[in-house]
Amino acid sequence: METIRKIDAGEKFTHATVGDLSAFTGKQFVKDCIGTTGCEISFGTLNPGEAVPFFHSHKENEEVYIVLRGSGDFQVDNTAFPIAEGSIVRVATHCNRSLRCTSATSMLYLCIQVKEGSLEQCTLNDAEITEQATAWK
């Protein structure tokens, strides 16, 4: 597994990488490296036939899972359903969740964890169109 690596940082940004996603394996949390203050993000992989070895529940944070590669099953409490590349699953607080890989290739997923009910503004309600010269080279 390649470890997340900080490439650059400034007063208002952090740029990092987990490397080649096609070769990525394991579980990697990014909060500590990039310094997020409102969410935790992790990359995870499961090999064919492998499942997360435990169920878990969160007290305050909802999670959003995005399947980037592979397929499998997701379970929330007593409800199980199939997931595949492109699937997006939101899981609320105070319920059990786990997932497993059923595809012939490994599953790669992204998990975003954030305090449930904390989103007050988003997209255009929180954005402001500004003028800025490009710095592309």
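Values in this document were obtained by computation on a predicted structure and should not be read as measured data. (Residues numbered from 1 in each chain as written. Predicted model: local features only at pLDDT ≥ 70, side-chain atom pairs only at ≥ 80, totals over all residues. Heavy atoms only, no water.)

A. Seen up close, the packing of aromatic side chains. Counting across every chain of the model gives four aromatic pairs. With a centroid separation of 4.9 Å and 70 degrees between ring planes, the pair formed by Tyr-65 and Phe-74 is classed as edge-to-face. We classify Tyr-65 as buried; its relative accessible area is 4%. For Phe-74, a relative accessible area of 1% corresponds to the buried category. Relative to Tyr-109, the ring of Tyr-65 lies with its centre 6.0 Å away and its plane at 40 degrees, an arrangement referred to as tilted. One end of the pair, Tyr-65, is in strand S5 (residues 61–69); the other, Tyr-109, is in strand S10 (residues 107–115), and 44 residues separate them in sequence. The structure contains a cluster of three or more aromatic residues connected by ring pairs, namely Tyr-65, Phe-74, Phe-81 and Tyr-109. (Phe/Tyr/Trp six-rings, centres within 6.5 Å; stacked < 30°, edge-to-face > 60°. Buried < 20%, exposed > 50% of the residue type's maximum accessible area, 1.4 Å probe, protein only. Helix = DSSP H or I, 4+ residues; strand = E, 2+ residues; numbered from the N terminus.)

B. The pairing of strand S9 (residues 97–101), seen in detail. The element S9 is extensively covered by neighbouring structure, given that four of its five residues are classed as buried. In terms of strand pairing, strand S6 (residues 71–76) meets S9 through five bridges, oriented antiparallel. Bridge pairing in S9 places Gly-72 opposite Cys-101. (Pairing = 2+ DSSP bridges.)

C. Highlighting the sheet that holds S5. One open sheet accounts for five strands, arranged S3-S4-S10-S5-S8; its pairing is antiparallel. Two strands close off the open sheet at either side, each with one partner strand: strand S3 (27–29) and strand S8 (88–91). When the angles between neighbouring strand axes are averaged without regard to direction, this sheet yields 15 degrees. Here S5 runs beside S8; their pairing, made up of four bridges, is antiparallel. Residue pairing in the sheet places Val-64 in a bridge with Arg-90 of S8. (Axes fitted to C-alpha atoms, helices over the stretch in contact; angles between N-to-C directions.)

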